[in-house]
Amino acid sequence: LVFSVRIPRMAVNLSDPYLPGAISLFEQLDKHLIVVLRDGRKLIGYLRSIDQFANLVLDEVVERTYIQKYYSEISHGILLIRGENVVLAGELDDSIETGQIKVSIDELNRIEQSLEQSNNDVQGGSSSKNDLPLDEPY
Amino acid sequence: LQLPLSLLRTAQNHPMLVELKNGETYNGHLQSCDTWMNIHLRDVIFTSKDGERFYKMPEVYVRGSTIKYLRIPETVVDMVKNEVQEVRRHQKDMHKQKKTYGGGGGGGGRGGQSNRGGRGGGSGGRGGGGRG
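The name an unreviewed UniProt entry gives chain B is U6 snRNA-associated Sm-like protein LSm4, with Pristionchus entomophagus as the organism. The UniProt entry for chain B carries the following text under Function (unreviewed entry): "Binds specifically to the 3'-terminal U-tract of U6 snRNA." Listed in UniProt under the heading Subcellular location (unreviewed entry), the comment for chain B reads: "Nucleus".

Chain A is annotated in an unreviewed UniProt entry as U6 snRNA-associated Sm-like protein LSm1 of Pristionchus entomophagus.

Structure representation (structure tokens):
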């Protein structure tokens with residue numbers, strides 16, 4: 001008789017031999033991730049490789065830009081991202097319906113322009129962008 | 001797969017796109033790179049952040065610390081896969097030539113090395129943790 005026991009995920013993390021006391025990206029390999037960069041970009045792709053600086057190699061990358069409930073995607077192929085530029089990386093659950101609508105890049109630009117116009121009419125100020133960037137470009 | 005910087009080393013002589021932290025992009029063939037991600041590109045096209053200005057330059061040296069990301073062509077990855085297969089085939093041939101008794105064990109040991117891509121990152125991390 002063979003019993004299969006489900007080991008809780010926390011127990012597995014504590015016994016991680018590679019980075020004791022630290023959180024490793026090792027378990028995220030080959031997973032579908034969203035990576036947010038310091039300039040506010042959101043890159044979605046499969047994590048293929050990591051190193052001690054958290055430099056990432058992502059495969060089948062799309063850069064997604066959101067305006068309210070609309071988004072558009074730009075393909076980037078394979079990216080090697082320098083670790084210091086990464087704010088966070090999170091596992092994507094592709095089965096979750098977000099209710100967000102994918103549009104073409106041109107369509108998204110049009111939506112953005114029409115929003116800026118209506119904002120200028122009402123407030124005369126810039127629309128609140130939830131995006132980063134954290135740094136000034138240098 | 002391999003570590004990110006070894007993938008970069010494998011991509012030498014291939015065209016690639018480098019985006020810097022300031023948003024400027026450099027398109028060129030990778031001549032060489034080092035452990036700090038400093039890169040030397042040949043036949044480079046520079047695009048300004050606003051996408052308005054373009055310059056052509058025969059060669060460019062970019063300091064690794066200024067890089068945001070590099071876009072690597074898919075042909076490099078295919079080449080890596082083929083290289084790994086070539087290395088394994090070469091090792092098998094070497095063992096056949098030697099005909100040593102420990103060839104089977106040695107082959108098994110070296111077969112384990114293909115996983116070093118992931119564990120290499122891990123052992124690098126151990127070192128990084130010690131230094132931190």
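1. What to know about the pairing of strand 4 (residues 54-62) of chain B
Pairing between strand 3 (residues 39-47) of chain B and strand 4 of chain B: eight bridges, direction antiparallel. Residue pairing for strand 4 of chain B: Ile39 of chain B is matched across the bridge by Val62 of chain B.

2. Describing the packing of aromatic side chains
A complete count under the given rule lists three aromatic pairs over all chains for this structure. Aromatic pair Tyr66 of chain A and Tyr71 of chain A: ring centres 5.6 Å apart, planes at 45°, arrangement tilted. Its relative accessible area of 25% is what places Tyr66 of chain A among the partly exposed residues. Classification of Tyr71 of chain A as buried rests on a relative accessible area of 13%. Taking 5.1 Å as the distance between ring centres and 55° as the angle between the ring planes, the aromatic pair formed by Tyr26 of chain B and Phe46 of chain B counts as tilted. A residue pair is termed long-range when its members are at least 10 positions apart, and Tyr26 of chain B in strand 2 (residues 25-33) and Phe46 of chain B in strand 3 qualify at 20 residues. Phe46 of chain B gets classed as buried once you look at its relative accessible area, which sits at 7%. Among the aromatic residues, those joined into a cluster by ring pairs are Tyr26, Phe46 and Tyr55 of chain B.

3. Considering the pattern of salt bridges
A complete count under the given rule lists 15 salt bridges over all chains for this structure. Its salt-bridge partner being Asp30 of chain A, residue Arg48 of chain A comes within 2.5 Å of it at the nearest N-O pair. With a gap of 18 residues between them, Arg48 of chain A in strand 2 (residues 42-50) and Asp30 of chain A in the loop between helix 1 (9-14) and strand 1 (32-37) connect regions that are remote in the sequence. Using a relative accessible area of 25% as the deciding quantity, one classes Arg48 of chain A as partly exposed. Notably, a salt bridge pairs Lys31 of chain A with Glu91 of chain A, separated by 3.9 Å at the nearest N-O pair. Of the two residues, Lys31 of chain A is situated in the loop between helix 1 and strand 1 and Glu91 of chain A in strand 5 (residues 86-91); the sequence distance between them amounts to 60 residues. Linked through salt bridges whose partners overlap, the residues forming this network are Asp39, Arg41 and Glu63 of chain A together with Glu19 and Lys68 of chain B.

How each quantity is defined
- Residues numbered from 1 in each chain as written.
- Chains lettered and ligands numbered in written order.
- Predicted model: local features only at pLDDT ≥ 70, side-chain atom pairs only at ≥ 80, totals over all residues.
- Heavy atoms only, no water.
- UniProt positions renumbered as here; feature names shortened; annotations may be inferred.
- Pairing = 2+ DSSP bridges.
- Helix = DSSP H or I, 4+ residues; strand = E, 2+ residues; numbered from the N terminus.
- Phe/Tyr/Trp six-rings, centres within 6.5 Å; stacked < 30°, edge-to-face > 60°.
- Buried < 20%, exposed > 50% of the residue type's maximum accessible area, 1.4 Å probe, protein only.
- Salt bridge = Lys/Arg side-chain N within 4 Å of Asp/Glu carboxyl O.

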